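Letter by letter, the chains look like this.
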Amino acid sequence: MIQIKNLCVGYPGWPVLKHATLELTPGKVVAILGPNGSGKSTMLKAIAGILPKTSGDILLDAQPLERFSPREIAKKVAYLPQSRVVPNISARRMVLHGRFPYLAYPRHYGKRDWDMVETALSRVGAEDLAERALPTLSGGQRQKIYLAMALAQDTQTILMDEPTTYLDMNCQLEVMALVSHLAKEGKTMILVLHDLCMALQHADQIILLQDGKVMYCGTPEELYQNHSIEDVMKVRIGRISTTLGWRYFYL
Amino acid sequence: MKIFQKSCMGPGSKKYFLETVVSLVVLTSAASLASLTFGAVDIPIQEVISVLFGHGEELQRQIIFLARLPRLFGCLLAGTALATSGVIIQGVLSNPLAAPNIIGVNAGAGLAVALCSTFVPALGLAIPLAAFCGAMLGTLLVLLISERAGASRITLILAGVAMSSIFSAGIDAVLTFFPDALNGYSDFRIGGVKNLSMSRLAPAFWIILFTLLVALSLSNELDLLMLGGESAQSLGLPAKQMRLLLLAVAAALAGAAVSIVGLLGFVGLLVPHIMRRLVGEESFPLLLSSALGGAALLTICDLVSRLLFAPFELPLGIVLSLMGGPFFLWLLFRQKRRPHL
C-alpha cells in the first residue's frame, strides 16, 4: 500500500508536483494521465525515492519513505524509466540486474537469484530472448525484458514511465495485457500513459494531473462520465460497448 | 570472424571469456619475453631466463635488471592502469567517447607531476600522490563544468578538451620556467618509458594493484551505472556517491600511469573499445580483459618503438598512435557495417 499525503516535489523556486494526496491499493492498474509537464514522471520518481520531496509524506506500508535505505526501497518499489541506455549485454544479464538490491556478501549472484531470473523471464514469455543481446531486440521485446527485470526485483509495486511509447499497436497491447495480468496477481502497477483510450480501457484507477495538481482520481467509468479527461486533456473521447467490454476512441 | 560474432554474453560466453583471457595472458607473456630479449643488444631467450634466475653475465644482468625489466614493468603497469581507467570512466559517465586523456584526467595528473617534480623532486611517493590529486581535480572540474553547462555527453567531452588544454598550458609554462624539472620533457609530453627504475615504479605499483582490486570488486555497481543514473538509483544504488568513488578509482589509476609514462593518450579509449567487441559490456570481464589488453598493447608498442629504427628509439606515444589509430578506425568502419557489435 502506498499513501501520498500533501506531497510537494520540485526544485527551488520551481514546484512541479503540488500538494498531491492519494492512496494506491495493491492489485490494481493505476494510470497517471495529464498534459506534458503536469508532474506525472515527477510523481513516479518521488515514489521510487529518486527525487526528494520538498514537503508532505510518502508512506510505503504505512512507513515514511525516508526511513528506508535505497536498497530497502528497491525491494519494495521497482521503477522503469521512460528512456534508458541500452548496453550490449544479454537479456538474461539485464534481468539479473533486478537482483542487485538483494546482493549480499560475498557479492555473487546465487542460485536463488538465477532462479528468480528464469521465473521472471518465463512470466513475461521471454525465455527465448534470454541469450539475445539487448541492442538486437525490438522495442516491444526490450520492454518485456525490462518488465522481467522489475519482476526479478520482486517488489509489491512496479512503476512504469510511458511503457508503450514508441511501440507498435500489437506490442502496446501485449505490454498492457502483461500489466493487467501482474495486477491480477496482486502487484500494484502504476503507469504514466499518454494514450487516454488505452488508460480508460486497461486501468482500474486513473489519476489526472494538471499543472502539478491532482485534478481527479477515480475509476475510468467515473472519469469518463464526468468528462474530466476531456476537460483537462482538451480532446473528446467516445466509446462503444463490445462483447469484450467498453472500447474507447477519439472523436 | 568468429571472435566478433559472439560479442553478446550468453551460454558458453564464460568459456569464450576464459579463452579471451587465456589468449591475452599468452600474448602478454610472449610480448614480455620478447621485450626482455630484443633491443639494441639482442639477448638469447635462454640467457634471459638464466639472468632472471640469478645467473648470466654481468653485462646482460645490467641490461635486463636496470633497463629492460623496469621498462617492461612500466609498460605492463601503465597499460593496465590506463585501460581499466578508461573502462571505468566510460561506464560511469555512460559515454563511450570518454577516456582519461580526453576528459582532462591525464592532463590534470601531468600538471601535478610537473609541479611536484619542480618543487619537491626528492620525495618518491609524492609524485604518484600528486598525480592522483591532479587527476581527481581534473575529473571533478570537468564534471562540475559539464553539469553546470548541461551535462550532455558532448558537453562533457568539450569541457574535458577545454580543461586538458588549460592543464597542458600549465605543464608547458612550468617546463618553460623550470626546464630541468622533468627528466625528458618530450618523453613526458608524448608518453614514454625511458629512464624508469624499480624504485620509481614501486609506489605506482601498489596504487594500481589496490585500485584495480577495488574496481573489480565494484564491477556490479559499475554495471548498474552503465544503465544510467535513474535506473541505478531505482535498483538501490546510491548513484552519486558510487559515481564519485569510481571516478576516484579511475583517477588514481590514470594518475599512477601518468607518474610512470607521462601523458600517454589513446590506451584508455582504444583498449576498452576493442575488448568490448571481444567480451561484451559486462564490467568484470571487460575490466579484466582490458587490464590484460592494455598491458599487452603497451608492451608490444614499446618493443616496436625500440626495434623499428634500432639502435634509435621512437617515443612510445608515437608508435601507439601510429599502430592504434588505423586499427581503431578499422573497428569504427566495421561497426558501421554491423552496428550492434
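Along each chain, the written sequence defines residue order, and numbers are assigned to residues from 1. Here chains are named by letter from A upward and ligands by number from 1 upward, in the order in which they appear as written. In keeping with the model being predicted, local features are shown solely for residues with a pLDDT of at least 70 and side-chain atom pairs are shown and tallied solely at 80 or more, while totals for entire chains, interfaces and linings include all residues. Just so you know, side-chain values use all the structure's heavy atoms and leave hydrogens and water out.

A. Here's a closer look at the interface of chain A and chain B. At the junction of the two partners, chain A supplies 30 residues and chain B supplies 28 residues. Buried area adds together the accessible area that both of two parts lose upon being put together, with accessible area traced by a 1.4 Å probe. Taken over both partners, the interface formed by chain A and chain B buries close to 2400 Å², and the fraction arising from carbon and sulfur atoms is 57%. When the buried surface of chain A facing chain B is broken down by residue, A:Asn88, A:Phe100 and A:Arg107 rank first, second and third, together holding 25% of it. Whenever two N or O atoms come within 3.5 Å, that pair is a polar contact, provided that in protein one can donate a hydrogen and the other can accept it, and provided that, for residues adjacent in sequence, both atoms are side-chain atoms. Counting across the chain A and chain B interface gives five residue pairs in polar contact (both at pLDDT 80 or more). Numbered from the N terminus, helices here are DSSP runs of H or I no shorter than four residues, and strands are runs of E no shorter than two. Counting residues per element, the ones that place at least two in the side of chain A that touches chain B are α2 (70–76), β6 (77–80) and α3 (91–96) of chain A. Among the elements that line the side of chain A that touches chain B, the one with the most residues is α2(A), at three residues. Contacts between residues were defined by any pair of non-hydrogen atoms, one from each residue, lying within 4.5 Å.

B. Structural view of the packing of aromatic side chains. The criterion for an aromatic pair is that two Phe, Tyr or Trp rings (for Trp, the six-membered ring) have centres within 6.5 Å, with stacked assigned to planes under 30 degrees apart, edge-to-face to planes over 60 apart and tilted to the rest. In this structure the tally under the stated criterion is three aromatic pairs over all chains. For the ring pair B:Phe119 and B:Phe178, a centre distance of 5.6 Å and an interplane angle of 70° mean the geometry is edge-to-face. In this pair, B:Phe119 sits in helix α5 (residues 105–119) while B:Phe178 sits in the loop between α7 (153–177) and α8 (185–190), placing the two residues 59 residues apart along the sequence. Each residue is placed in one exposure class: buried if its accessible area under a 1.4 Å probe, protein chains only, is under 20% of its type's maximum, exposed if it is over 50%, and partly exposed if it falls in between. The exposure class assigned to B:Phe119 is exposed, which follows from its relative accessible area of 56%. Look at B:Phe205 and B:Trp206: their rings are 4.9 Å apart centre to centre, the planes differ by 70°, and that puts the pair in the edge-to-face class. Residue class for B:Trp206 comes out exposed when judged on its relative accessible area of 56%. Between the NZ or CZ atom of A:Arg99 and the centre of the ring of A:Tyr102, over which it lies, the distance is 4.1 Å. Put simply, a charge is over a ring when the Lys NZ or the Arg CZ is close to the ring centre, within 6 Å, and near the line of the ring normal, within 35 degrees.

C. Spatial organisation of the sheet that holds strand β5 (residues 63–64) of chain A. Residue and element names in this part refer to chain A. Two strands are counted as paired when DSSP detects at least two bridges linking them. Sheet architecture is open: four strands sit in the order β2-β1-β4-β5, paired in antiparallel fashion. Two strands bound the open sheet, and with one partner strand each, they are β2 (14–24) and β5. Strand direction decides the pairing type here: strand β1 (residues 2–11) and β2, joined by seven bridges, are antiparallel. Along β2, the bridge assignment pairs Gln3 with Glu23.

D. View of the pairing of strand β8 (residues 188–192) of chain A. All names here are of chain A. Extensive coverage of β8 is indicated by the burial of five of its five residues. A two-sided burial pattern is seen for β8, the buried positions comprising Thr188, Ile190 and Val192 on one face and Met189 and Leu191 on the other. As judged from the four bridges shared by strand β3 (residues 29–33) and β8, these two strands associate in the parallel manner. For Val29, the partnering residue across the bridge sits in β8 and is Met189. Sheet topology note: the strand β7 (residues 157–161)/β8 ladder contains five bridges and is parallel. Bridge pairing links Thr157 to Thr188 in β8. Handedness of a crossover is defined as follows: orient the strands so they point away from the viewer, and if the path from the first strand over the helix to the second runs clockwise, the crossover is right-handed. Note on the crossover from β7 through helix α6 (residues 169–184) to β8: the handedness is right-handed.

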